[in-house]
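Descriptive analysis of the structure
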Amino acid sequence: MKKTIKYVVYDIIRNRFVIGYTLLLLLLSVSFFWFEADPNKGLLSLLNIILMVIPLVSVIFSTIHFYNSYEFIELLSAQPMSRRTIYFSQFLGLCFSLGMAFLIGVGLPTLIFDGSMRGLTLVLGGLLITLTLVAIAFLASVITKDKAKAIGVALAVWFYLCILYDGMVLMVLVNMADYPMEKASLVFSALNPMDLARILVLMQLDVSALMGITGAVFQNFFSSTWGVFISFVLLLLWVITPVFFGYRIFSKKDL
Amino acid sequence: MKTLFIFFLLILSQSAFCKNWSVKTVPELQKALLESKANDTILVAKGNYKVLNLEITKPLVMIGQNQPVLDAQYKGEIFIVKSGDVSISGFKFINVGETSMIDWAGVKILESENVKIFKNEFINCYFGVYLSASNKCLIENNRIIGTPKEEQTTGNGIHAWKCDSINIFNNYVEGHRDGIYFEFVTNSLITNNLSTKNIRYGLHFMFSHYDTYTHNIFKKNGAGVAVMYTKHVTMKDNFFDSNWGGSAYGILLKDISDSDIEHNLFNSNTVGVYMEGCSRLKMQDNVFQKNGVGLRIQANCDENNIHHNNFMANTFDIATNGSVTFNYLNDNYWDKYEGYDLDHDGKGDILYRPVSLFSTLIERMPQAMILLRSFTATLLDKIEKIIPSLTPENLKDDSPSMKPNAIKAFNFKV
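In this text, all values refer to a predicted model and were calculated from it rather than measured experimentally.

At the junction of the two partners, chain B supplies 26 residues and chain A supplies 36 residues. Among the residues forming the side of chain B that touches chain A, the class breakdown is twelve nonpolar, eleven polar and three charged.

It is worth spelling out the environment of I42 of chain B at this point. All names here are of chain B. Note that I42 resides in strand β2 (residues 40-44). Overall, the presence of 21 C-beta atoms within 10 Å leaves I42 in the buried class. As a C-alpha pair, I42 and W21 span 21 residues in sequence and 4.7 Å in three-dimensional space. Once residues within four sequence positions are removed from consideration, I42 is found in contact with W21, V23, A32, S36, L60 and M62.

Here the focus is helix α7 (residues 147-175) of chain A. Residues and elements named next belong to chain A. An ideal rise of 1.5 Å per residue puts 42 Å on 29 residues; α7 measures up with 39 Å between its terminal C-alpha atoms. Considering bend angle alone, the principal kink of α7 is centred on Y160 and spans about 45°. Three or more residues of α7 are buried, namely A150, A154, W158, L161, C162, Y165, D166, V169, L170 and L173.

Right, let's get into the confidence of the model for chain A. Of the residues in chain A, 97% reach a pLDDT of 70 or more, and the chain-wide mean stands at 89. For chain A, the element scoring lowest by mean pLDDT is helix α10 (residues 213-223) of chain A, at 73; helix α5 (residues 83-113) of chain A scores highest, at 94.

The next thing to look at is the sheet that holds strand β34 (residues 293-297) of chain B. Residue and element names in this part refer to chain B. Within the open sheet, the twelve strands sit side by side as β4-β7-β10-β13-β16-β19-β22-β25-β28-β31-β34-β37. Their pairing is parallel. Each end of this open sheet is capped by a strand with a single partner; those strands are β4 (54-56) and β37 (316-320). Within this sheet the neighbouring strands show an average axis-to-axis angle of 10°, counted without direction. Pairing analysis gives four bridges linking strand β16 (residues 158-161) to strand β19 (residues 180-183), with the strands arranged parallel. In the sheet register, H159 faces β19, and the bridge partner there is Y181.

For the rest of this paragraph, the subject is the confidence of the model for chain B. In the predicted model, chain B carries a mean pLDDT of 91, and the fraction of residues at 70 or more is 95%. The ipTM, which scores confidence in the relative placement of chains, is 0.84 for this predicted complex, and the corresponding pTM is 0.87.

Procedures and definitions
Residues numbered from 1 in each chain as written. Chains lettered and ligands numbered in written order. Predicted model: local features only at pLDDT ≥ 70, side-chain atom pairs only at ≥ 80, totals over all residues. Contact = placed C-beta atoms within 7 Å. Nonpolar A, V, L, I, M, F, W, Y, C, P; charged D, E, K, R; others polar. Helix = DSSP H or I, 4+ residues; strand = E, 2+ residues; numbered from the N terminus. Buried ≥ 20, exposed ≤ 12 C-beta atoms within 10 Å, placed from the backbone. Expected span 1.5 Å × (residues − 1). Bend = angle between axes of the 7 residues up to and from the residue. pLDDT = per-residue confidence, 0-100. Pairing = 2+ DSSP bridges. Axes fitted to C-alpha atoms, helices over the stretch in contact; angles between N-to-C directions.

Right, here's the structure in full:
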């Protein structure tokens, strides 16, 4: 498995896209921190990148990569190797390369310019989002038969998580404004990894705004060690669940 | 020449008749208080004195040498000043008891003038210094530290009721209900005080006209500072820091009129300034930074002039609850402003509406807070900027500054 992961990573690096992506992220992060006098604002700009660009790149690149190495996967399947090894080496190879790209591109500058708890939360949240989107891309790839369809599904998931979902939550909140929705909105935020990561970072940044009456509900939950722990576990579940279902389908799939 | 000579003689005679009383025990102290003549000096030596309800009924100078401790053992209060021209300094007042009938205090001043309380320490006192119907008093350089319990069972650090021309300088107040409390106090000055960790307000102000407070620091108080039902207040060079909580404000202004709020720093408060029923206020040269809401103007405020302030790194710069307002915003710096300045006069060419759609939305549905800084929220704000429909149309800055206004540096001694 180690050997196949090595080949996958080697293949991705040879492609040069990931290197370009790393450099772009690095350039963006450093310029955000340099041009904004207040590291807080730099972190906020980075948060926007993490919530929009990074999921998009992760999900599209992973899908394309899966289909580009389809022949390689077929070749490996002909060898005495289990489907599990093939699937997970592909997944872990991608996670490793995109994760490293994120850690070098965003994590390094963030920890240098703002190595506090909020910086750390941002980096951890961003990393988990990257992994989640890779996992979702794999699921999208195994349930479809051709590349275009897979990219379509991946894009739809990205669109749903990043844009549609919040709009729907807003709609529900507007229509149910007469009911106590504090607890419900906690649940809503748990059902979307983007929201979860965003709120975790906001809790470190905008504490004073969130301390209103409703804010206090979130504050109590997301600021307690227990709440932070649960949030990270939920984010991890968002990685594990799609990977697991993807594997279930892949192991029975007629390649 | 002759008048001068007589004046000199008078001074000489004064000092000749004044007596110094040195006191080392409680009976001696009681005796001195009884037998002394007006304008005598009582020197209290270092030691621990268990005393209760000592009345000062004539002009006296009370000096504690090397900080003698006056202990009321939670049974009552310590000094009750009922005469003018009394000076009390160098003592440490501890353990003043708590009742609901009488406001027991470390030093209580009743209907007296020219009383000076300085360089004392008040530890575990129900009320620290309590002034009632007294004028021209000075409270300076005191350290007042209480142990907070419930709001009902904790007194105020410095409490003044129906006074005039009071000066409160360089005091440190911690752990009381209100750090400094003013009710019906006029023409007074509050300067250089640090009020922190009080369970309610750092400074509480009611019906106190023509007062000035400058160079004070109010930090981490339960609900910040409240100024209510007052006209002609001047607030200058103060620092309002880290007042966090569901109902915490840097300053809460309720029914204030004709007042100046100038060159203050509001940092990391849930709401920097909360204005309700305020008229004709001048707010200028203030810095609002890292607050949840910089300035909250309720719709019942009018004719307020808000100009040359800097709004930086606040989650929301301005929030309001109505749609029509009659307040003027000019020449402020908003770090969220995205306009341009083609004629290079330092002012943006397009106006700025500081109330975002999202903050209006939160006004109606606080739960929507979970969408803070999400793409949806940003998108809504952008659309609203282009076609305003929900945000108050006339709450706008016509000449926003392109660069932060030059505001002279803050200089706080902490």
